[in-house]
Amino acid sequence: MTVSLRRARPRRATTALRIAIAVCVALLAACHSGAPRAWRLTDVRGHLPDLRFRLVGGAGGVVSARDFRGKNVLLYFGYTHCPDACPLTMTHLHQVMVGLGPLAKDVRILFVSVDPARDTPQIVQEYAAAFDPRAVGLTGAMTEIKTLAQRYRVAFKRGPDLPGGGYEVTHSSAIYVFDTRGRARLLASPADTDGDIVHDLKMLIAAEGSR
Amino acid sequence: MTWAIGERLGAALLGAALLGAAARPAGAAAAPAGAAAIRVRHAWIRVLPGDLPAAAYARLENRGDESAALVGALSGRYRRIMLHESLTSGGMSTMRRVSQLTIPAHGRAALSPGGYHLMLMGATRPVKPGDRISITLLFAGGSTETVTFLAMPANASAGP
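Residues numbered from 1 in each chain as written. Chains lettered and ligands numbered in written order. Predicted model: local features only at pLDDT ≥ 70, side-chain atom pairs only at ≥ 80, totals over all residues.

Some details on the overall build of chain A
As a reminder, the rule being used: Counting from the N terminus, the helices are DSSP H or I runs at least four residues long and the strands are E runs at least two residues long. Any residue surrounded by 20 or more other C-beta atoms within 10 Å of its C-beta is treated as buried, while 12 or fewer makes it exposed and the intermediate range makes it partly exposed; C-beta atoms here are placed from the backbone.
Assigned secondary structure in chain A consists of five helices and ten strands. Within chain A, the fraction of its 211 residues that count as buried is 39%.

Structure follows, in structure tokens:
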């Protein structure tokens with residue numbers, strides 16, 4: 001009886017020690033990385049390439065990723081003949097900008113058309129601006145749009161001609177968040193709440209500001 | 001060709017629908033399980049720039065004992081209206097045409113952002129936020145209900 005107790009004690013102590021070591025290692029790892037651990041969106045840092053594109057803006061001139069250095073960018077793909085899903089996401093992003101308050105001045109929403117055949121630079125800019133004054137509508141050559149989409153694994157497909165004219169475009173609904181140096185940082189979906197997107201953007205802006 | 005026929009047919013149907021609506025005394029319970037039993041509220045349109053298609057939304061409540069189905073809509077202000085549904089699956093957004101939206105007996109259904117909606121195309125003259133647009137909803141069985149939709153800005157997050 002006593003013998004068995006004596007044997008049990010060291011075993012219990014070993015388990016406790018193992019747990020203590022594991023906790024210390026976890027804490028050290030958390031402190032050491034220095035990275036915020038509470039992203040609510042998907043952290044894609046290091047997994048997706050930096051923002052790079054050559055498209056056409058509302059004024060008809062070439063717009064590139066370099067024009068947005070110093071701004072946090074929210075990148076979303078859509079098309080202007082989309083009356084429901086795209087407006088819902090763009091309204092969502094407008095609410096995010098409202099939630100950011102004064103911080104929104106250094107944030108831009110980039111709405112990239114996946115339907116350049118119908119989306120002229122002027123209409124895509126008008127469409128984007130109808131949702132938020134800090135939204136930029138971009139279109140351009142199909143090859144340039146495809147290059148950008150493939151860079152972020154964004155898929156899109158033109159549907160068949162509809163009776164009565166027109167067609168629809170099926171497209172990825174993801175929202176990509178970039179830091180002020182054009183690095184891909186976070187991935188959001190339209191299902192993420194305004195609150196979660198605002199939370200992460202504030203955290204990203206604060207982390208960059210303290211650097 | 002099909003378009004022209006469709007438009008003429010649409011105009012004829014709209015005329016018939018409006019006549020029907022005008023002929024029916026307000027609040028009359030004559031129509032069986034049709035529009036008379038359907039209450040439409042929070043009807044609004046998300047206005048987009050230029051001549052881009054817009055979406056219309058509303059909440060429908062069926063106070064009748066029989067199920068009802070919205071099958072389409074007509075308006076003197078748009079050349080073409082289609083009942084659509086937006087779907088998001090596997091990270092992809094798509095839109096499909098649907099033949100009807102069922103409103104169960106003593107139940108509700110909604111035309112709402114990201115789901116079922118009326119796609120409004122070819123405004124006969126520009127629609128601005130604040131405009132009140134008359135749209136006639138068509139139900140299975142032939143009954144109709146003319147509803148006033150409030151035009152709202154593109155970034156409106158909810159209806160009136």
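Brief notes about the overall build of chain B
Stated formally: For every residue pair, C-beta atoms are placed from the backbone, and the pair is scored as a contact if these atoms sit within 7 Å.
Counting its secondary structure elements, chain B contains one helix and ten strands. Walking chain B from its N terminus toward its C terminus, one meets helices and strands in the order α-β-β-β-β-β-β-β-β-β-β. Per-residue burial over chain B gives 36% buried out of 160 residues. Sequence separation of at least 24 residues holds for 71% of the intrachain contacts in chain B that already meet a minimum separation of 6.

Quick notes on the interface of chain A and chain B
Size of an interface: often given as the accessible area lost when the parts come together. For the record, the criterion: Residues are grouped as follows: Ala, Val, Leu, Ile, Met, Phe, Trp, Tyr, Cys and Pro are nonpolar; Asp, Glu, Lys and Arg are charged; all remaining types, including Gly, are polar. For two strands to pair, DSSP has to find at least two bridges joining them.
On the chain B side, the residues contacting the 28 residues of chain A number 26 residues. When contributions to the side of chain A that touches chain B are tallied by element, the ones reaching two or more residues are helix 2 (85-100), helix 3 (121-129) and strand 8 (169-172) of chain A. Per-element tally for the side of chain A that touches chain B: the top contributor is helix 2 of chain A, with six residues. Partitioned by chemical class, the residues of the side of chain A that touches chain B number twelve nonpolar, twelve polar and four charged. As defined by bridge partners, strand 8 of chain A adjoins strand 5 (residues 92-97) of chain B across two bridges and the pair is classed as antiparallel. Each bridged residue has a counterpart across the sheet, and for A:S172 the counterpart in strand 5 of chain B is B:M92.

Observations concerning the confidence of the model for chain B
Residues and elements named next belong to chain B. How we decide: pLDDT expresses, on a scale from 0 to 100, how confident the predictor is about each individual residue.
Overall, the prediction assigns chain B a mean pLDDT of 84, with 78% of residues at 70 or greater. The model gives residues 1-12 a pLDDT under 50, and that stretch makes six contacts with residues more than four places away or in other chains. In the predicted structure, residues 15-32 sits below a pLDDT of 50 and forms 15 contacts with residues beyond four places in sequence or in another chain. Complex prediction metrics read pTM 0.82 and ipTM 0.80.

Side note on the pairing of strand 6 (residues 135-138) of chain A
All names here are of chain A. Burial along strand 6 is two-sided: the face carrying A135 and G137 and the face carrying V136 and L138 are both buried. Where strand 5 (residues 107-113) and strand 6 come together, four bridges link them in parallel fashion. Counterpart to L110 in the pairing with strand 6 is V136.

A closer look at the sheet that holds strand 1 (residues 42-43) of chain A
Strand order in this open sheet of six strands is 1-10-9-4-5-6 (chain A), and the pairing throughout is mixed. The outermost strands of the open sheet, each flanked by one partner alone, are strand 1 and strand 6 of chain A.

Section: the nonpolar core
Just so we agree on the cut-off: Core membership is restricted to buried Ala, Val, Leu, Ile, Met, Phe, Trp, Tyr and Cys residues, and these are joined into a nonpolar core through C-beta atoms within 7 Å.
Among the nonpolar cores identified, the biggest contains 92 residues, and A:L74, A:F111 and B:A56 are the most heavily contacted of them. The biggest single contributor to this core is helix 2 of chain A, with eight residues. In this view, B:A56 contacts B:I45, B:L111, B:H117, B:L118, B:L120, B:I135 and B:F149; residues no more than four positions away in its chain are not counted.

Digging into the packing of helix 2 of chain A against helix 5 (residues 194-209) of chain A
Residue and element names in this part refer to chain A. Keep this limit in mind: Lines fitted to the C-alpha atoms define the axes, with helices restricted to the stretch that makes contact. Angles between their N-to-C directions range from 0 to 180 degrees. Orientation labels follow simple angle bins: below 35 degrees gives roughly parallel, above 145 gives roughly antiparallel, 65 to 115 gives roughly perpendicular, and whatever is left gives oblique. By definition, turning the near helix anticlockwise from the far helix through less than a right angle yields a left-handed crossing, and turning it clockwise yields a right-handed one.
Between helix 2 and helix 5, the shortest axis-to-axis distance is 9 Å and the interhelical angle comes to 50°. Between helix 2 and helix 5, the interaxial angle falls into the category oblique. For the crossing formed where helix 2 meets helix 5, the hand is right-handed. Every residue of helix 5 that contacts helix 2 at H92, Q95, V96, G99 and L100 is listed here: D194, I197, V198 and L201. Grouping the constituent residues of the contact of helix 2 with helix 5 by class yields five nonpolar, three polar and one charged.

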